[in-house]
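Examining the three-dimensional arrangement
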Amino acid sequence: MQYHNTPYDKLQVGDTAELARTCSVDDFYVFANNSGNHNPLHLASEDGDGDHVNEAVAPAMFVGALISAVLGNVLPGAGTLYKSQRFEFVERAHAGDELVSKVTVLEKRPNREVVFETVVTRPSDGAVIVSGQAVVIAPEKEMVFAELDLPGLVVKRHRHFDAMLEKVRPLPPMPTAVVAPEEPNALGGALLAAHETIITPILIGDPDKIANAAAEIGASLDGIEIIAQSDHVNAAHAAVDLVAEGRAKALMKGHLHTDELLKAALRRENGLRTGRRFTHVFVMDVPGQPRPLLVTDAAINIEPDLETKIDIVQNAIDLALSLGIENPRAGVLSAIETVNPAIRSSVDAALLSKMAERGQITGGLVDGPLAMDNAVSLAAARSKGIVSDVAGKTDILVVPNLDAGNMMAKQLTYIANAEGAGLVMGAKAPIILTSRADDDKARLASCAVAALHEAFPLPRTGAPA
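We now turn to the structure provided with this report. (Residues numbered from 1 in each chain as written. Predicted model: local features only at pLDDT ≥ 70, side-chain atom pairs only at ≥ 80, totals over all residues. Heavy atoms only, no water.)

**Here we look at the pairing of strand 8 (residues 174-179)**
A large share of strand 8 lies buried, amounting to five of its six residues. As paired strands, strand 8 and strand 9 (residues 199-205) are joined by six bridges and run parallel to one another. Looking at strand 9, one finds that Val179 is bridged to Ile204. The handedness of the strand 8 to strand 9 crossover, carried by helix 4 (residues 184-195), is right-handed. Where strand 8 lies against strand 11 (residues 250-253), four bridges are found, and the strand directions are parallel. The partner of Val178 across the bridge, within strand 11, is Met252. (Buried < 20%, exposed > 50% of the residue type's maximum accessible area, 1.4 Å probe, protein only. Helix = DSSP H or I, 4+ residues; strand = E, 2+ residues; numbered from the N terminus. Pairing = 2+ DSSP bridges. Right-handed = clockwise from strand over helix to strand, strands pointing away.)

Structure below.
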């Protein structure tokens, strides 16, 4: 897009120009950081006036700045400098409002001074949000310039996890068997989720080590049930017993190896098998993305065959549905978006897609093979002529193997500033997997994801685990 400015000599009284802008929640976070105005009334995560409603009111000067966008880009355009601006703030705008900023030439003065009437309105109801008058120094020369390609900004805010936490808080706390919480991070995550009323933890492990971990983080264990087990294998079996007896609704990994926990869950007598393979799902909250991204399998199945991938896809769809994602879209990834018999992942992807068409995988849409670019970018999908209800709008990224999934999840975490919640699916109860590197938000989110899945369960059937 090209902009043409209008120099002083060509401006006429009555000339007018306008721009439209839809305000977003992230706009107000960026403004808060840039301006230093952290008034909580403007931030969607806060109740800024104590009325128990998070207002996300547009900052007045953010709205006023929309006027400068018209003056600087359109009329007069490039080369314009402000002398003064008067504002009258008439109404309030909120996140989600479309606003139209408009300027009109009222008077031309010597020395290239021009007076403009300025107004910002909300077309949905015709309300005037801001009115006023600007005096600018108009450009002397006529210029044409292309729309500038400015660096993109991403707000490091995990609104999808925030929404999940809000959704789970009204639910009764989920009794959760926490296995070997004998290290500060492992214990701290469980206690934090208990404080947020997401879970009711039952701690299973060495009582002395648990007490030492609590002392290290300054936490109280008053009122929390502790079941003494001196080694991790016995602790894992004791935790599975609690689920089998109905005393616990979920398992949570503490400071023990994942395989020790899963071996107990997979035992044939009184275990947690359902007929599905156990598969791992990362729920990733990636800043700037319009929805959560599920990545599977990144932690359990190393080189899954087609039969295992069926359960990987179905488990992920079931979890997505529990999280409130309607008709989730699963993109089965490969290096290419066409079927090549020499690339096994492309063949498996095509078969999974056809199986979903025939009702062998249910609850969502499945398409593949898709390369990563056209799985998440509509523009990339269109540029390659891919016509699909999944391409560019993927909710679930089904990776070829554990290597690919683990690298993708860690790239999203450490490069794209994502938070990741980890859950094992396919068992009679959700199994919460956390890492020593997880921060508080990731640990809380993992518990919230498990609680939502337990609260909104789906039928779980399939081949033996």
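**What to know about the pattern of salt bridges**
Counted by the stated rule, this structure contains 21 salt bridges. Across the pair Arg169 and Glu166 runs a salt bridge whose closest N-O atoms are separated by 2.7 Å. On the basis of relative accessible area, Arg169 is assigned to the partly exposed category, the value being 29%. Of the charged contacts in the structure, one is a salt bridge between Glu357 and Lys354, with a shortest N-O distance of 3.0 Å. (Salt bridge = Lys/Arg side-chain N within 4 Å of Asp/Glu carboxyl O.)

**Re the side chain of Asn401**
Secondary-structure assignment places Asn401 in the loop between strand 16 (396-398) and helix 12 (402-414). Under the relative-accessibility criterion, Asn401 is labelled buried at 17%. Of note is the side chain of Asn401, whose polar atom sits 3.5 Å from the side chain of Glu303. Within polar-contact distance, the side chain of Asn401 engages the backbone nitrogen of Ala404 at 2.9 Å. (Polar contact = N/O pair within 3.5 Å; in protein donor to acceptor, adjacent residues only side chain to side chain.)

**Comments concerning the side chain of Thr104**
By the element assignment, Thr104 lies in strand 4 (residues 98-108). Take Thr104: its relative accessible area is 17%, and that puts it in the buried class. Not counting residues up to four positions away in its chain, the partners in contact with Thr104 are Gly14, Asp15, Thr16, Val115, Phe116 and Glu117. (Contact = heavy atoms within 4.5 Å.)

**Considerations on the nonpolar core**
By size, the foremost hydrophobic cluster in this structure holds 53 residues, and its most contacted members are Ile198, Val283, Leu319 and Val366. Among the elements that line this core, the one with the most residues is helix 13 (residues 440-455), at eight residues. Leave out the neighbours within four places in its chain, and Leu319 touches Val281, Val283, Leu294, Leu423, Met425, Val449 and His453. (Core = buried A, V, L, I, M, F, W, Y, C linked by side-chain atoms within 4.5 Å.)

**What about the packing of helix 4 against helix 5 (residues 207-217)?**
Helix-helix packing is described using two parameters, namely the angle between the two axes and the distance between the axes. Running from N to C, helix 4 and helix 5 point in directions that differ by 80°, and their axes come no closer than 9 Å. One element, helix 4, and the other, helix 5, form an angle in the roughly perpendicular class. For the pair formed by helix 4 and helix 5, the contact residues are Pro184, Leu187, Gly188 and Leu191 on the first element and Ile210, Ala213, Ala214, Glu216 and Ile217 on the second. (Axes fitted to C-alpha atoms, helices over the stretch in contact; angles between N-to-C directions. Parallel < 35°, antiparallel > 145°, perpendicular 65-115°, else oblique.)

**Some points on the sheet that holds strand 11**
With mixed pairing, eleven strands are arranged side by side in an open sheet as 10-9-8-11-18-17-12-13-16-14-15. Of all the strands in the sheet, the pair left with one neighbour each is strand 10 (225-228) and strand 15 (365-370). As paired elements, strand 13 (residues 293-296) and strand 16 share three bridges and run parallel to each other. Among the inter-strand pairings, Thr296 is bridged to a residue of strand 16, identified as Val398.

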